[in-house]
Amino acid sequence: NAGVTQTPKFQVLKTGQSMTLQCAQDMNHNSMYWYRQDPGMGLRLIYYSASEGTTDKGEVPNGYNVSRLNKREFSLRLESAAPSQTSVYFCASRLGQDNEQFFGPGTRLTVL
Amino acid sequence: AQKVTQAQTEISVVEKEDVTLDCVYETRDTTYYLFWYKQPPSGELVFLIRRNSFDEQNEISGRYSWNFQKSTSSFNFTITASQVVDSAVYFCALISSGSARQLTFGSGTQLTVLP
């Protein structure tokens, strides 16, 4: 039981490049989330998927897109990376609306 | 709107001291859930506790204890006899129905336990 997995662990991009961050969970959770963590700002929600087939914007969605590929997988895409998107990205999942979230190990992204 | 405030940005203690991390929350809902997470230097986020708004009993788990007081909108976390391995960033977080049940995090408290 791997929990929540994310790939890659590290990535360096040049401004304007695109990439997709992958996330998968094996806990049969309904909801999945993408956060970014910046120094001194805690975690901020980018997008979430309350259930398979649905996605919604969070607090900071600009510059990102998501796909809930199936119940297990939720990907985050940066179409044209900008230096402001340099951050640590965390994927999370939870079983129900009021349950705790379980987090993946994070992806450290640097945009030059 | 909901908000979580962790006013202590950084705390340093010497090993074996007790330390309390403060968390104050704001929500208009009567039903809500509070959480604490730990982020050690390795970077992962580890779930510690979940507490609902109808259960004000304090909870103890080993050296960890949590004090939930609705009257002051606080959910404080105490580590007794701190150890170097407790060094981490600790986040308090809140879910309430008014926020579409999304998790709102505080900005975190960096705890350093010195040997």
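Preceding block: the structure.
The following refers to the structure shown. (Residues numbered from 1 in each chain as written. Chains lettered and ligands numbered in written order. Predicted model: local features only at pLDDT ≥ 70, side-chain atom pairs only at ≥ 80, totals over all residues. Heavy atoms only, no water.)

Overview of the overall build of chain B
From N to C terminus, chain B includes zero helices and twelve strands. Counting from the amino terminus, helix and strand elements in chain B follow one another as β-β-β-β-β-β-β-β-β-β-β-β. In terms of overall size, chain B behaves like a compact globule, its C-alpha atoms giving a radius of gyration of 14 Å where 115 residues would be expected to give roughly 13 Å. Seen through its principal axes, chain B has C-alpha atoms that stretch 45 × 25 × 20 Å. Summed over its atoms, the accessible surface of chain B is roughly 5,500 Å², and 47% of this surface lies on carbon and sulfur atoms. (Helix = DSSP H or I, 4+ residues; strand = E, 2+ residues; numbered from the N terminus. Rg over C-alpha atoms; globule rule 2.2 N^0.38 Å. Areas by Shrake-Rupley, 256 points an atom, 1.4 Å probe, with all protein chains shown as cover.)

Remarks on the side chain of Glu100(A)
By secondary structure assignment, the location of Glu100(A) is in the loop between strand E9 (87–94) and strand E10 (102–103). Of the side chains with opposite charge, Arg50(B) lies nearest to the buried Glu100(A), which makes no salt bridge, at 4.0 Å. Sequence-distant contacts of Glu100(A), that is, excluding residues within four places in its chain, are made with Ser93(A), Arg94(A), Phe35(B), Tyr37(B), Phe47(B) and Arg50(B). (Buried < 20%, exposed > 50% of the residue type's maximum accessible area, 1.4 Å probe, protein only. Lys, Arg positive; Asp, Glu negative; His and termini not counted. Salt bridge = Lys/Arg side-chain N within 4 Å of Asp/Glu carboxyl O. Contact = heavy atoms within 4.5 Å.)

Quick word on the pairing of strand E9 (residues 74–79) of chain B
Residues and elements named next belong to chain B. Taken across its six residues, E9 has six buried, putting it largely inside the fold. Covered by surrounding structure in E9 are Ser 74, Asn 76 and Thr 78 together with Phe 75, Phe 77 and Ile 79, the residues of both alternating faces. Taken together, the three bridges between strand E3 (residues 19–21) and E9 define a ladder with antiparallel strand orientation. Among the inter-strand pairings, Val 19 is bridged to a residue of E9, identified as Ile 79. With six bridges connecting them, strand E8 (residues 64–69) and E9 associate as antiparallel partners. Looking across to E9, one finds that Tyr 64 is bridged to Ile 79. (Pairing = 2+ DSSP bridges.)

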